[in-house]
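Inside the fold
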Amino acid sequence: MSVAEMEAVPTPAVIEPTTTALPDWADLQRQVASCTACGLCQTRTQTVFGKGNPRARLMLVGEAPGAEEDKLGLPFVGKAGQLLDNMLAAIGLGQDDVFIANVLKCRPPGNRNPAADEIAACADYLRWQIAHVQPDVLVTLGRFAAHALLQSDAAIGVLRRETHQYQGIPLFVTFHPAYLLRSPGEKAKAWQDLLAIRRALANKA
Ligand code: SF4
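All figures in this text were calculated on a predicted structure; none of them were measured in a lab.

Some details on the site of the ligand
Neighbouring the ligand are the residues C35, A37, C38, L40, C41, R44, K105, C106, A121, C122 and Y125. The cavity where the ligand resides is the largest cavity.

See the structure below:
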């Protein structure tokens, strides 16, 4: 993620319900890999579909691939990914316990913020990923994912104080790990969010 959370918040690009039929998982992967629906296809090295267990009980949604992710084709592989792994391990979760995806499947050049038209063009893929994974709990990391799934432009600090719903799935809002790397003073709040997520998973078990 390239821009601090506290920057001016743009009009949110929301992920509206779709009437398009749900492709199967392999077809969805193929569609993403060959997608040219927005201009990011011209600057990406490769698409970044997601990683983890497509049957996981917990699904996390970040913003967009960065330079490392674009190079390797996997989300959350740099320092932010390492921190996310540590955060999940702190509540007893490993790679196989989660599925992780981003709102955008291609890297915005220079790690700039996602544009509203790019989020709209990519929205079906995330919606379909959630429909396939059917997690017990959804977690958004950072404001772009929260705003896209909750159709809200409220600040993360406000949204993270309550549990939301996305199509009947409990949704928790927390900070993007890249933001936590820049603002380590917020880690105590992120820990509170993790505990709430752990409780929600336990309640659904
Ligand atoms: S960001 Fe999404 S919509 Fe744009 S080219 Fe990549 S996969 Fe397609």
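With respect to the pairing of strand β3 (residues 98–102)
As a general feature of sheets, a regular strand has side chains that alternate between the two faces. The buried fraction of β3 amounts to 5 of the 5 residues, a majority that puts the element mostly inside the structure. With burial as the criterion, each face of β3 is covered, one bearing V98, I100 and N102 and the other bearing F99 and A101. In the sheet, strand β1 (residues 51–52) pairs with β3 via 2 bridges, with the strands oriented antiparallel. Pairing of G52 across the sheet is with F99, part of β3. In this sheet, β3 lies alongside strand β2 (residues 58–62) in parallel orientation, the contact comprising 5 bridges. If you follow L58 over to β3, its bridge partner there is V98.

Observations concerning the packing of helix α1 (residues 25–33) against helix α4 (residues 116–133)
Running from N to C, α1 and α4 point in directions that differ by 160°, and their axes come no closer than 11 Å. Here α4 runs roughly antiparallel to α1, going by the angle between their axes. As for how α1 packs across α4, the hand of that crossing is left-handed. Together, W25, L28, Q31 and V32 of α1 and Y125, W128, Q129, H132 and V133 of α4 make up the contact between the two elements. Residues belonging to the contact of α1 with α4 are distributed by class as follows: 6 nonpolar, 3 polar and no charged.

Re empty space enclosed by the protein
Summed over the entire model, instances satisfying the criterion amount to 3 cavities of 30 Å³ or more. The computed volume of the largest cavity comes to approximately 90 Å³. Contributing to the lining of the largest cavity are 15 residues, with C35, C38, C106, C122 and Y125 lying nearest its centre. The dominant element in the lining of the largest cavity, judged by the number of residues it contributes, is α4, at 3 residues. Looking at side-chain class alone, the lining of the largest cavity contains 11 nonpolar, 2 polar and 2 charged residues.

Calculation notes
- The residue count restarts for each chain, going from 1 along the sequence in the order it is written.
- Selection of residues for local features in this predicted model requires a pLDDT of at least 70, selection of side-chain atom pairs for listing and counting requires 80 or more, and totals for whole chains, interfaces and linings are taken over all residues.
- The side-chain quantities take in all heavy atoms of the structure and omit both hydrogens and water.
- Being near a molecule or strand, for a residue, means having at least one of its heavy atoms within 4 Å of it.
- Lining residues are those with an atom within 4 Å of a point, where the points come from a 1 Å grid over the protein atoms alone and group into cavities, where a 1.4 Å probe fits but cannot get out, or pockets, open sets with protein on both sides within 12 Å along at least five of seven lines.
- Put plainly, a molecule is in a cavity or pocket when over half of its atoms are within 2 Å of the grid points there.
- Relative accessibility decides the category of a residue: with a 1.4 Å probe and only protein chains considered, values under 20% of the type maximum give buried, values over 50% give exposed, and everything between is partly exposed.
- Helix numbers and strand numbers start at the N terminus; a helix is a DSSP run of H or I with at least 4 residues, a strand a run of E with at least 2.
- Paired strands, in this sense, are two strands between which DSSP finds at least two bridges.
- Axis geometry follows a simple rule: fit a line to the C-alpha atoms, using only the stretch in contact for helices, then measure angles between N-to-C directions, giving values from 0 to 180 degrees.
- Should an angle fall under 35 degrees it is taken as roughly parallel, and over 145 as roughly antiparallel, whereas 65 to 115 is taken as roughly perpendicular and any remaining angle as oblique.
- By definition, any crossing whose near helix is turned counterclockwise from its far helix by less than a right angle is left-handed, and any crossing with a clockwise turn is right-handed.
- By the convention used here, residues are in contact when the closest approach between their heavy atoms is within 4.5 Å.
- For this classification, Asp, Glu, Lys and Arg are treated as charged, while Ala, Val, Leu, Ile, Met, Phe, Trp, Tyr, Cys and Pro are nonpolar and the rest, including Gly, are polar.
- Grid points are joined across faces, edges and corners, and a volume is the space filled by probe spheres set on the points.

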